[in-house]
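Structure assessment
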Amino acid sequence: MREFFHNMKLSFLLAAVLYIILGLILLIWPGVSATVFCYAFGGILLIYGVVTIVSFFLRDSRQGSFVFELFLGIVAAALGLLFLLRPVIVASVLPVILGLFIVVDGLVNLKRALELRRMLYLRWTVPLVLSAVSAVLGLVIVFQPFLAAEALVMLIGAVLIYEGLSDLWTIFRVSQWTKEYRKHHPVDVDQIDFQ
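What counts, and where the lines are drawn
Position labels on residues start from 1 in each chain and follow its written sequence. Where totals are concerned, whole chains, interfaces and linings use all residues; where local detail is concerned, this predicted model gives features only for residues with pLDDT of at least 70, and gives and counts side-chain atom pairs only at 80 or more. The side-chain values count all of the structure's non-hydrogen atoms but skip hydrogen atoms and water molecules. When the centres of two rings from Phe, Tyr and Trp lie within 6.5 Å, Trp using its six-membered ring, the rings pair. Their planes under 30 degrees apart give stacked, over 60 give edge-to-face, and anything left gives tilted. Helix and strand definitions follow DSSP, with helices as H or I runs of at least four residues and strands as E runs of at least two, each counted in order from the N terminus. Between buried and exposed lies partly exposed: a residue is buried under 20% and exposed over 50% of the maximum accessible area for its type, with that area taken using a 1.4 Å probe on protein chains only. Between N-to-C directions, angles span 0 to 180 degrees; the directions come from axes that are lines fitted to C-alpha atoms, helices contributing only their stretch in contact. For classification purposes, angles smaller than 35 degrees are called roughly parallel, those larger than 145 roughly antiparallel, those between 65 and 115 roughly perpendicular, and all remaining angles oblique. Crossings are classed by handedness, with left-handed meaning an anticlockwise turn of the near helix from the far one by less than a right angle and right-handed meaning a clockwise turn. Working rule for contacts: check all heavy atoms of both residues, and any pair within 4.5 Å makes them a contact. In this classification, the charged set is Asp, Glu, Lys and Arg, the nonpolar set is Ala, Val, Leu, Ile, Met, Phe, Trp, Tyr, Cys and Pro, and all remaining amino acids, among them Gly, are polar. Given the number of residues in a helix, its expected span is that number minus one, multiplied by 1.5 Å.

1. Some words on the packing of aromatic side chains
Counted by the stated rule, this structure contains two aromatic pairs. Both rings, one in Phe41 and one in Phe101, keep their centres 6.4 Å apart while their planes meet at 90°; by these two values the pair is edge-to-face. In this pair, Phe41 is assigned in helix α2 (residues 34–58) and Phe101 in helix α5 (residues 94–118), connecting sequence segments 60 residues apart. Overall, the relative accessible area of 5% leaves Phe101 in the buried class.

2. Considerations on the packing of α5 against helix α6 (residues 125–142)
Taken N-terminus to C-terminus, the directions of α5 and α6 make an angle of 165°; their axes are 7 Å apart at the nearest point. With respect to α6, the element α5 is oriented roughly antiparallel. Here α5 runs over α6; the crossing is left-handed. Here Pro95, Val96, Gly99, Leu100, Ile102, Val103, Gly106, Asn109, Leu110, Ala113, Leu114 and Leu116 of α5 come into contact with α6, specifically with Pro127, Leu128, Ser131, Ala132, Ser134, Ala135, Gly138, Leu139, Ile141 and Val142. Residue composition of the contact of α5 with α6, grouped by class: 16 nonpolar, six polar and no charged.

3. Some details on α2
Helix length check: α2, at 25 residues, gives a terminal C-alpha distance of 36 Å against a target of 36 Å (1.5 Å per residue), a fit within 8%. For α2, the set of buried residues is Phe37, Cys38, Phe41, Gly42, Ile44, Leu45, Tyr48, Gly49, Thr52 and Phe56.

4. Considering the side chain of Thr52
Its place among the elements puts Thr52 in helix α2. When neighbours within four sequence positions are excluded, Thr52 is seen to be in contact with Glu69 and Gly73.

Dropping the structure here:
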């Protein structure tokens, strides 16, 4: 249990911070060129993917819910390289790629919410709903032929900020729950490093 919470916190924090930073950039500068965006987002994806992959192999257990995170890490790193090496090609299909990535990330967070349910976290439905909304917003980005370019960029920025804030909220709530759980089960969870 300690390992689950510790790794979930690190993964959530990294993703949340990167999403919020990128989302703010897109909201503030919606007219940024597609090439510059590809380089910036490619770097972020590559960092996130490499950290996720490395943390997977540093864990004692490599089964269960974390296997899907390894898959997401590999996809993120591959997309990051693609963004950095072929920015012109990527720019032409950028909304679809970003939308699909947000959908996949939302599904990963859905899996995490189900893990919280298994760990008897009473409010596991809140991160479940937040994750489902993220996945739906990702689909909206994929199927949005009616939006102008700058409006689409701002929508993507807003969705990324939502993703980051919902991850931070989940970290905060689960941290509080962990402290309460530790009070009632000091022997079992004294080693939990989720604060």
